[in-house]
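Now for the letters of each chain:
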Amino acid sequence: MPYCSHCGVEVDPKATSCPLCRAPIQALARDPGGMPEYAQVDYKEEHVQLPAEYRRRFALYLLSLVFFTPLLVVLIIDLVQNGALDWSLYAAAALLTAWAYAVIPLLLLGRVVAIVFFYVTVSAGFLWVVDNLHGSPWWFYSVGLPILVVLAVVCSVVVAASLKVKRKGANVGAFVLAGIVVFCVGVDVVITMNLSGAGVPAFGWSAIVAGALLPPAGFLLYVQYGIARRIDLRRRFHV
Amino acid sequence: MKTQPSVSGTSVSGNWYRLDNAAKAFAPALSHRYTTLFRLAVVLNRPVRVQALQQALERCMQRFPYYQVHLRPGFFWYYFEENPGVLRVMPDPQNPCMRHTLRRRGSFLLRVRCYHRRIAVEFSHALTDGFGALHFLNTLLCAYYEETHGIISDWENVIHPESEQDSQETEDSFLREYVPHAPAPTSVGGAWHLPHPLLPVGLYRVSSGVVPTDAVRAAAKERGGSINDFLTAVYCYALQLAAERLGNPKRPVRVFVPVNLRAFFPSRSMRNFFSVVSVELDLRLGHFEFEEVFRLVFYRLRLELNKKNLRTHLKRNVRNERNPVLRVVPRAIKDRLVAFVYRRVAEGMNTASISNLGRVSLPAEVAGEVERYEFLPPPSPMTKVNCAVIGYGDEIVITFGRMIDNSLVEMYFFRTLRELGITARVHTNWGGD
């Protein structure tokens with residue numbers, strides 16, 4: 001049985017390093033005699049790695065405590081001050097949404113499509129609640145929901161495109177700028193159709209945004225696929 | 001049977017346990033110097049096989065779930081919560097009982113270490129006392145034997161890893177035996193302490209002397225006492241010689257002797273259940289000859305060690321825990337208060353301590369594989385030098401742990417033994433092999 005020359009313990013015949021001190025195992029045929037009574041080094045204590053499930057559950061408890069404590073506080077303050085729940089319902093809706101944003105990735109663990117779906121659903125739910133809290137609802141279905149859908153689609157496309165390209169660099173910046181342009185155009189169209197009373201799609205301020213952002217986006221694509229293909233920018237500009 | 005609060009429960013994170021009475025003092029006192037870690041080790045006849053030890057350890061931890069815990073802060077008190085991590089065998093360092101992370105989430109309050117032929121367990125006193133630690137080590141040793149050699153036919157007094165757990169093992173026996181109307185013992189003042197500066201954090205000097213049991217027993221019997229009386233007397237005498245050499249102390253030399261209360265009160269608790277009695281030499285009265293010291297120790301221990309007197313010690317320990325004002329003080333404030341009282345007042349009352357675990361017995365098959373046991377006291381920056389004794393086979397191992405560079409006390413101890421006709425074989429962790 002081989003021995004660790006540092007710890008003096010026996011290890012498995014197949015072991016290449018000591019399971020205790022990680023020192024490489026040398027092929028010693030016998031017990032290494034003449035070892036000092038105590039080790040001659042101090043070891044730094046390794047922290048115990050808790051199971052992932054435990055850490056996840058703990059994070060859930062902690063996040064719940066962080067969000068539900070102020071939620072309870074604002075509800076109580078509102079109730080004591082006004083005798084009924086009034087403004088605190090908005091704060092409560094915002095805190096609950098923030099809590100959901102925080103815990104959804106922990107509950108769904110890497111299932112990206114499901115996470116995006118629930119993020120959009122929670123966001124839509126928050127907008128619906130805010131629209132319905134006081135008086136008659138009027139803007140959720142006409143403005144809030146369409147803008148949210150545009151935002152979700154644009155974000156998903158930008159992220160998917162950025163992940164799909166093999167060489168990542170300036171092109172990711174270009175995707176983001178293009179995404180902002182598409183989102184602004186979408187918002188502009190939704191607003192002009194529903195709020196200005198025009199009833200038909202029209203472009204206003206979003207054309208200015210597009211004019212400002214599309215040239216730099218094009219330049220970034222040119223840098224990525226034009227210049228960078230010929231010149232190693234990392235070599236030139238490394239720090 | 002008196003009622004006592006539930007000592008355990010089940011929470012969303014698994015089982016949890018209240019700290020016992022002694023642990024409530026140790027937990028707030030935890031620091032890089034007050035590690036509260038004491039150590040029991042067994043030296044085998046051949047090198048340890050690490051993988052087999054790890055397997056044996058995993059078997060043992062299932063039998064001792066109350067040690068599979070980490071320390072968590074509650075609002076009023078600390079508590080133990082089931083630790084979901086796996087306890088791994090660690091390499092044994094040069095300085096034992098140091099460099100802990102005991103308050104960290106997921107950190108166990110015991111460590112299993114091995115080096116060459118030695119298997120060591122280091123327990124925080126918040127978790128258990130020497131009795132519980134020794135039972136755990138014996139179970140671990142026998143489980144290791146089974147992993148490496150084969151089935152043990154009779155485990156005798158050793159707890160089998162697959163045996164049924166007794167519900168009383170998690171009991172806080174302090175609370176059960178506490179009598180509210182009993183008087184508390186008379187409080188004592190501060191004791192003399194070694195004046196030397198402390199070593200840097202992380203260093204702990206260990207000196208172990210191996211002496212033949214027969215010679216010590218004969219010396220004790222010659223004076224009409226027990227091995228414990230004899231070694232305590234030698235220790236008091238050595239401290240007296242050190243005190244005289246270092247000046248003329250105005251405070252008494254007082255040695256604390258921990259007592260296993262299970263010998264006096266029926267308890268199967270595997271958590272703390274001990275108290276301390278003290279032996280005192282007032283050097284203002286002049287020099288004490290060894291025979292005088294021995295008689296003083298002999299009568300003092302017999303006077304102290306009886307059920308009624310020990311109830312007064314229980315009263316002193318438990319009354320603070322049961323104090324309604326102290327109970328409702330938030331832990332964050334209580335921490336500072338308890339740590340101060342423990343470090344300055346309680347530790348300040350004794351010059352040093354000597355803890356004797358007695359003679360260890362093992363199943364016949366395992367006994368032949370063991371060379372000796374070692375017992376190391378927890379480091380104390382106040383008393384600086386402490387002593388622990390354990391016997392196995394025909395040898396007794398006397399171990400000194402000190403947080404100072406000066407080895408005066410153990411030098412006088414082993415010199416006194418030599419003058420009394422007992423020669424010790426000494427080894428250290430600081431180059432004195």
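Residues numbered from 1 in each chain as written. Chains lettered and ligands numbered in written order. Predicted model: local features only at pLDDT ≥ 70, side-chain atom pairs only at ≥ 80, totals over all residues.

## Quick word on the interface of chain B and chain A
This is how it is decided: We call two residues in contact when the distance between their C-beta atoms, placed using the backbone, is within 7 Å. In DSSP terms, a helix is any run of H or I states spanning at least four residues, a strand is any run of E spanning at least two, and both are numbered starting from the N terminus. Nonpolar residues are Ala, Val, Leu, Ile, Met, Phe, Trp, Tyr, Cys and Pro. Charged residues are Asp, Glu, Lys and Arg, and all others, Gly as well, are polar.
Chain B puts 29 residues into the contact, and the matching count from chain A is 27 residues. At the level of secondary structure, the elements contributing two or more residues to the side of chain B that touches chain A comprise α2 (50-63), β6 (89-91) and β7 (110-115) of chain B. If you tally residues by element for the side of chain B that touches chain A, the top one is β6 of chain B, at 3 residues. Residues that form the side of chain B that touches chain A fall into these classes: 11 nonpolar, 12 polar and 6 charged.

## Notes on the confidence of the model for chain A
Counted only if it meets this: The pLDDT value tells you how sure the predictor is about a given residue, anywhere from 0 up to 100.
Taken residue by residue, chain A gives an average pLDDT of 86. The fraction at 70 or more is 91%. Taken element by element, the predicted model of chain A shows its lowest mean pLDDT in helix α7 (residues 233-237) of chain A (59) and its highest in helix α2 (residues 88-108) of chain A (95).

## Brief notes about the packing of helix α6 (residues 227-245) of chain B against helix α12 (residues 408-419) of chain B
Residue and element names in this part refer to chain B. Note the following rule: Each axis is a line fitted through C-alpha atoms, and for a helix only the stretch in contact is used; angles between axes span 0 to 180 degrees, taken between their N-to-C directions. An angle below 35 degrees is read as roughly parallel, one above 145 as roughly antiparallel, one from 65 to 115 as roughly perpendicular, and any other as oblique. The sense of a crossing depends on the near helix, which, turned anticlockwise from the far helix by less than a right angle, makes the crossing left-handed and, turned clockwise, makes it right-handed.
The contact between α6 and α12 brings their axes to 8 Å, and the two run at 125°. By the angle between their axes, α6 is oblique relative to α12. Crossing angle aside, the handedness with which α6 passes α12 is right-handed. For the pair α6 and α12, contact is made by V234, Y235, Y237, A238, L239, L241, A242 and R245 and by L408, V409, Y412, F413, T416 and L417, respectively. Looking at the contact of α6 with α12, its residues break down into 12 nonpolar, 1 polar and 1 charged.

## Some points on the sheet that holds strand β12 (residues 352-360) of chain B
Residue and element names in this part refer to chain B. Filter applied, for reference: At least two DSSP bridges between two strands are needed for those strands to be called paired.
Strand order in the open sheet formed by 7 strands is β11-β10-β12-β14-β15-β9-β16, with mixed pairing between adjacent strands. Unpaired on one side and paired on the other, β11 (274-281) and β16 (425-428) mark the two borders of the sheet. Direction aside, neighbouring strands of the sheet carry axes that sit 20° apart on average. Note: strand β9 (residues 205-212) against β16, 4 bridges, orientation antiparallel. Directly across from V210, in β16, lies its bridge partner R425.

## Quick word on the environment of N171 of chain A
Looking at where N171 of chain A falls in the secondary structure, it is placed in helix α5 (residues 170-194). Considering only alpha carbons, one finds N171 of chain A and L220 of chain A, 49 residues apart in sequence, at a separation of 6.0 Å.

## Topic: the nonpolar core
For clarity, the cut-off: Only buried Ala, Val, Leu, Ile, Met, Phe, Trp, Tyr and Cys residues enter a nonpolar core, and they are joined through C-beta atoms within 7 Å. The exposure label follows from counting other C-beta atoms within 10 Å of a residue's C-beta, where the C-beta atoms are placed from the backbone and the thresholds are 20 or more for buried and 12 or fewer for exposed, leaving partly exposed in between.
With 137 residues, the main nonpolar core has C114, I119, V121, L140, Y235, C236 and L239 of chain B as its most contacted residues. Excluding residues that lie within four positions of it along the chain, C236 of chain B makes contacts with V253, V255, V279, L281, V293 and V297 of chain B. Formed by 9 residues, the second largest nonpolar core is a distinct cluster that contains A174, F175, V181 and A217 of chain A.

## A look at unusual backbone geometry
Residues and elements named next belong to chain B. A positive phi angle, near 50°, is found at H116, a position not held by glycine. Here H116 falls in the buried class, since 24 other C-beta atoms lie within 10 Å of it. In this model, E156 sits at a positive phi of 50°, which is unusual for a non-glycine residue. Along the polypeptide, E156 turns up in the loop between α3 (130-148) and α4 (173-177).

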